[in-house]
Amino acid sequence: MNTILEINDLSVEFRLGTGTVRAVENVSMHVAAGETLAVVGESGSGKTATALSVLRLNPAPPCVYSGGEVLLDGRDVLTLSEKELRAVRGNDVAMIFQDPMTSLNPLVKVGAQLAEVLRVHQGASRAQARAAVVPALSEAGIPDPEHRAGQYPHQLSGGLRQRVMIAMALIGRPRVLIADEPTTALDVTVQAQILDLIAELGRRHGMAVLLITHDLGVVAEVADRVVVLNQGRAVETGDVMDVLTDPADDYTRALLRATPRLELP
Amino acid sequence: MTLLELRGLRKEYGGRIGQAATVAVDGVSLAVAEGETLALVGESGSGKTTLVRLLLRLTEPTAGQVLFDGGDLAGLTPARLRAVRREMQVVLQDPYSSMNPRMRVTDIVAEPLVTHDPAVRGRARRPGLRERVGGLLEAVGLPAAVQDRYPHEFSGGQRQRISIARALALEPRLLVLDEPTSALDVSVQAQVLDLLAELQRRRGLTYVFVSHNLAVVRAVADRVAVMRHGRIVEIGPAAQVFDAPGHAYTRALLDAVPDPDPRRARRRKAG
């Protein structure tokens, strides 16, 4: 397998006035092309701090990357200059977040926001960028994409907004997609569609997908492998089938026991 | 015995000349028996929040009736309505925004007593109140001594316990739980659901449990009402609704719930 993203012994600290919080401690993981790795944990487990480290997006200060490396195609993101980082962000690695409304500009039409990605990150001409918008919306499963491109975010439902975010993330053909709780704000029927869409596009474009979630049900639906985080440490890593059906770690077992399910095992 | 009954409840919003009104709740009738848990399930826009506001009479219905213990809430004088409200309390989704950050826990939990109880009213520092608040906190699994602290000193799960203690202060018969665990981590959610079950057993409480999470509903509900577009599309005993859903929408909703068992998830995808 062709590993695109590799995190080795990553440690992330937040140095606050009141003391140092060790958010991530010696965490390692890797994701190959076309593979979906789920990072699962509860609040404070360090899953978002880990994800943001891939693009060095943790607010610094107070954040300090105190150890380890984040290798993207063999290059350590943690040692890149700001200029080199800008080339990585939006080109090699794209992110989608939980709440699409806060990630979209409410004053700019959807199509123009997508075009901006190509203009800024890939130096595309106005015409090139505009031509790419409708196919991108269409690939994200948005019906009537010509019409939607001319609308503002508030005119779209939550599910459509998240599809726009996916279109925007993928329009630059990134090699890594980081999805941080991408369906937590969505209704359950919409959630299933969005998860399927992310998994399908990941496979089709050979992307490495890093899926951050608190929901073991979501992990079981779409991930190939899973890393379980607890208080900043990776307590268990493995194939989804193995980890969720025969967990080796006490915390993973407790998490599974606490997860309500429709059918009793 | 029926504690709460809704008859032909309808609520429209807006609707000026030349403009159709939005019908948030469209002819809902149902009954909740004393001591049972009725779950109200639906996606955003299904009308479940409006229905909750109607049954607490926080919103006036366009048509229809809400009967609590046989009496129509619509015809009540303000004084009588206050008396009925003591018997129906609500716990909301977000424990962060449902308490005043500048009040101590003791005043937060005591506030319904101070507002509603004639014996306490106007005398917040009345002796005995601290003991009552301490007893309520212990009933929800918190030490009585935490009452001198402020909300920000607690985790989300602890705050939701404080919300429940406040809701229990007046010894209500009906608790409306509006997504009470949706903002909580899964291990904390399990503890709060256990607490709610224990309180119901000990106090004979009646629950209306609003949730979009069908797996949680399966764990707590005696009966389930599935809402869509302001109507109830299916209502029945939990086992029947989950195992033999009668409506296509209920089936679609159940099929969409992610299952933490990957074998089942994959089987479903394949078939």
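Residues numbered from 1 in each chain as written. Chains lettered and ligands numbered in written order. Predicted model: local features only at pLDDT ≥ 70, side-chain atom pairs only at ≥ 80, totals over all residues. Heavy atoms only, no water.

A. Local environment of the overall build of chain A. A count of helices and strands for chain A gives eleven helices and ten strands. In summary, chain A has a C-alpha radius of gyration of 19 Å against a globular reference of 18 Å for 265 residues, a match within 12%. A principal-axis box enclosing the C-alpha atoms of chain A has dimensions of 55 × 50 × 40 Å. When each of the 265 residues of chain A is scored for burial, the buried share is 54%. (Helix = DSSP H or I, 4+ residues; strand = E, 2+ residues; numbered from the N terminus. Rg over C-alpha atoms; globule rule 2.2 N^0.38 Å. Buried < 20%, exposed > 50% of the residue type's maximum accessible area, 1.4 Å probe, protein only.)

B. Fine view of the packing of helix 4 (residues 110-122) of chain A against helix 7 (residues 158-170) of chain A. All names here are of chain A. One can describe the packing of helix 4 onto helix 7 by two numbers: an axis separation of 9 Å at closest approach and a directional angle of 25°. With respect to helix 7, the axis of helix 4 lies roughly parallel. Considering how the two elements wind past one another, helix 4 and helix 7 form a crossing that is right-handed. Facing helix 4, whose interface residues are Val110, Gln113, Leu114 and Val117, helix 7 presents Val164, Ala167 and Met168. Residues of the contact of helix 4 with helix 7, tallied by class, amount to six nonpolar, one polar and no charged. (Axes fitted to C-alpha atoms, helices over the stretch in contact; angles between N-to-C directions. Parallel < 35°, antiparallel > 145°, perpendicular 65-115°, else oblique. Left-handed = near helix turned anticlockwise from the far one by under 90°. Contact = heavy atoms within 4.5 Å. Nonpolar A, V, L, I, M, F, W, Y, C, P; charged D, E, K, R; others polar.)

C. Representation of the domain arrangement of chain B in the model. Residues and elements named next belong to chain B. Taken domain by domain, chain B consists of domain 1 (1-87 + 173-246) and domain 2 (97-171). Distance from the C-alpha centre of domain 1 to the C-alpha centre of domain 2: 25 Å. Tallying the contact residues gives 16 residues for domain 1 and 16 residues for domain 2. Carbon and sulfur atoms make up 61% of the surface buried where domain 1 meets domain 2, a total of about 1400 Å² over both sides. (Domains from an automatic or database assignment. Buried area = accessible area lost by both parts, 1.4 Å probe.)

D. Region of interest: the interface of chain B and chain A. If you look at the interface, chain B gives 28 residues, while chain A gives 30 residues. A combined buried area of about 2700 Å² lies between chain B and chain A, and 58% of that area is made up of carbon and sulfur atoms. It is Val186(B), Pro258(B) and Pro260(B) that lose the most area in chain B upon contact with chain A, and together they represent 23% of the buried surface on that side. Taken together, the links from chain B to chain A amount to eight residue pairs in polar contact (both at pLDDT 80 or more). Of all the secondary-structure elements, those providing two or more residues to the side of chain B that touches chain A are helix 6 (186-203), helix 7 (214-220), helix 9 (248-256) and helix 10 (262-270) of chain B. For the side of chain B that touches chain A, the element with the highest residue contribution is helix 10 of chain B, accounting for seven residues. Taken together, the residues of the side of chain B that touches chain A sort by class into 15 nonpolar, three polar and ten charged. (Polar contact = N/O pair within 3.5 Å; in protein donor to acceptor, adjacent residues only side chain to side chain.)

E. View of the nonpolar core. Residue and element names in this part refer to chain A. Ranked by internal contacts, the top residues of the largest apolar core, which has 40 residues, are Leu114, Leu137, Val164, Ile166 and Leu177. Elements represented by at least two residues in this core include exactly strand 6 (93-96), helix 4, helix 5 (126-139), helix 7, strand 7 (176-180), helix 8 (188-204), strand 8 (208-213) and helix 9 (216-222). Ranked by residues supplied to this core, first place goes to helix 7 with eight residues. Those residues in contact with leucine 137 that sit more than four places away from it in its chain are Val110, Leu114, Ile142, Pro145, Ala149, Val164 and Ala167. Core analysis: the next-biggest nonpolar cluster, separate from the first, contains 35 residues, Val24, Leu52, Ile212 and Val227 among them. (Core = buried A, V, L, I, M, F, W, Y, C linked by side-chain atoms within 4.5 Å.)

F. Summary view of the domain arrangement of chain A. Residues and elements named next belong to chain A. Domain assignment breaks chain A into domain 1 (1-89) and domain 2 (101-191). Each of domain 1 and domain 2 has a C-alpha centre, and these two points are 25 Å apart. Across the contact, ten residues belong to domain 1 and six residues belong to domain 2. For the pair domain 1 and domain 2, the summed buried area comes to about 650 Å², and 58% of that belongs to carbon and sulfur atoms. When the area that domain 1 buries against domain 2 is broken down by residue, the three leading residues are Ile4, Ala51 and Asp73, summing to 42%.

G. Examining the pattern of salt bridges more closely. All names here are of chain A. Evaluated as defined, the whole model comprises 24 salt bridges over all chains. The shortest N-O distance in the salt bridge between arginine 22 and glutamate 25 comes to 3.5 Å. Residue arginine 22 is classed as partly exposed on the basis of its relative accessible area of 44%. Taken together, the salt bridges that share partners define one network made up of Glu13, Arg15, Arg22, Glu25 and Arg233. (Salt bridge = Lys/Arg side-chain N within 4 Å of Asp/Glu carboxyl O.)

H. Helix 5 (residues 156-168) of chain B, seen in detail. Residues and elements named next belong to chain B. Relative to the 18 Å expected for 13 residues at 1.5 Å per residue, helix 5 spans 19 Å between its end C-alpha atoms, a close match to the ideal helical length. Judged by how many residues are buried, helix 5 sits mostly within the fold: twelve of 13 residues are covered. Taken together, the buried positions of helix 5 are Gly156, Gly157, Arg159, Gln160, Arg161, Ile162, Ser163, Ile164, Ala165, Arg166, Ala167 and Leu168. In this fold, the buried residues of helix 5 make contact with strand 6 (88-91), helix 3 (105-116), helix 4 (129-139), strand 7 (174-178) and helix 6. (Expected span 1.5 Å × (residues − 1).)

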